[in-house]
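As a plain string of letters, each chain reads:
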Amino acid sequence: MIFSTQIDVTLEKSNVLNLAFGYPDYRLLSETQFALLENASAPSQYSPGTDSPRLLEAISKFYSKLLNKTLNVDDNIIITSGEIEALYHVFSTPVQKGNEWIIFEPCDKFYLSTIMAVEGIPKPIQLKPV
């Protein structure tokens, strides 16, 4: 829902450039290019890649204590760059060719395609209001 709202707002306003939804189909002003380059290495909402030992250790320490179980950074923790990569790992790890998955709809649009990409069989069930 949030993404459709973002798209609507972006389309309504001619002065908005939302790089999360692809690339502009026009030439950027040099000031915009400079601002993008200047901030390319600035902190963002995205997690660092898998080469972040400090983050892996912090996650391990926090969840090991919370779960009262030792979590190994190599075997029990994965850092993803976002939703789609995380969903791929969630569905591809336990799925074997031909496994059936019950998916409640409405659901994220990537559930079905990700399950099919790893040769699982989605079995959608439409949720109905009570």
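Calculation notes
- Residues numbered from 1 in each chain as written.
- Predicted model: local features only at pLDDT ≥ 70, side-chain atom pairs only at ≥ 80, totals over all residues.
- Heavy atoms only, no water.
- Helix = DSSP H or I, 4+ residues; strand = E, 2+ residues; numbered from the N terminus.
- Buried < 20%, exposed > 50% of the residue type's maximum accessible area, 1.4 Å probe, protein only.
- Contact = heavy atoms within 4.5 Å.
- Pairing = 2+ DSSP bridges.
- Right-handed = clockwise from strand over helix to strand, strands pointing away.
- Axes fitted to C-alpha atoms, helices over the stretch in contact; angles between N-to-C directions.
- Parallel < 35°, antiparallel > 145°, perpendicular 65-115°, else oblique.
- Left-handed = near helix turned anticlockwise from the far one by under 90°.
- Expected span 1.5 Å × (residues − 1).
- Arc of directions from axis to C-beta.
- Salt bridge = Lys/Arg side-chain N within 4 Å of Asp/Glu carboxyl O.

### Things to note about the overall build of the chain
Looking only at helices and strands, the chain has 5 helices and 2 strands in total. For the chain, the succession of helices and strands along the chain, N to C, is α-α-α-α-β-α-β. Counting across all 130 residues of the chain, residues that qualify as buried make up 15%. A fraction of 21% describes how many contacts in the chain between residues 6 or more apart in sequence connect residues 24 or more apart.

### Looking at the pairing of strand E1 (residues 100-105)
Alignment of E1 against strand E2 (residues 121-126), held across 6 bridges, turns out to be parallel. Across the sheet, residue Glu 100 finds its bridge partner in E2, namely Ile 121. Handedness of the β-α-β unit built from E1, helix H5 (residues 109-117) and E2 comes out right-handed.

### Some remarks on the packing of helix H4 (residues 83-92) against H5
Closest axis-to-axis distance for the H4/H5 pair is 9 Å, and the angle between their directions is 45°. One finds that H4 runs oblique with respect to H5. Both H4 and H5 take part in a crossing whose hand is right-handed. Between H4 and H5, the contacting residues are Glu 83, Ile 84, Leu 87, Tyr 88 and Phe 91 on the first element and Phe 110, Tyr 111, Thr 114 and Ile 115 on the second.

### Observations concerning helix H3 (residues 53-67)
Here H3 contains 15 residues, and its C-alpha end-to-end distance of 21 Å stays within 8% of the 21 Å for a straight helix at 1.5 Å per residue. Taken residue by residue, H3 has Leu 56, Ser 60 and Ser 64 as its buried positions. Axial view of H3: buried residues confined to an arc of 55°, hence all on one face. Across H3 from its buried face, at more than 90 degrees, point the exposed residues Arg 54, Lys 61, Lys 65 and Leu 66. Downstream of H3 by a residue or two, Asn 68 has a phi angle that is positive, lying close to 55°.

### Digging into the environment of Phe 110
Within the secondary structure, Phe 110 sits in helix H5. For the pair Phe 110 and Tyr 88, spaced 22 residues apart in sequence, the C-alpha separation works out to 8.8 Å. Contacts of Phe 110, omitting those with residues within four sequence positions, involve Glu 83, Ile 84 and Leu 87.

### Quick notes on the pattern of salt bridges
Side chains that differ in charge, positive against negative, can pair when their charged atoms come close. The tally for this structure, following the rule as stated, stands at 2 salt bridges. Here Lys 97 makes a salt bridge to Glu 119, at a shortest N to O gap of 3.6 Å. Remark: Glu 119 occurs in the loop between H5 and E2 and Lys 97 occurs in the loop between H4 and E1; sequence separation between them is 22 residues. A relative accessible area of 42% places Glu 119 in the partly exposed class. Here Lys 123 and Glu 100 are joined by a salt bridge, their closest N and O atoms 4.0 Å apart. Note that Lys 123 is positioned in strand E2 and Glu 100 in strand E1, a separation of 23 residues in sequence.

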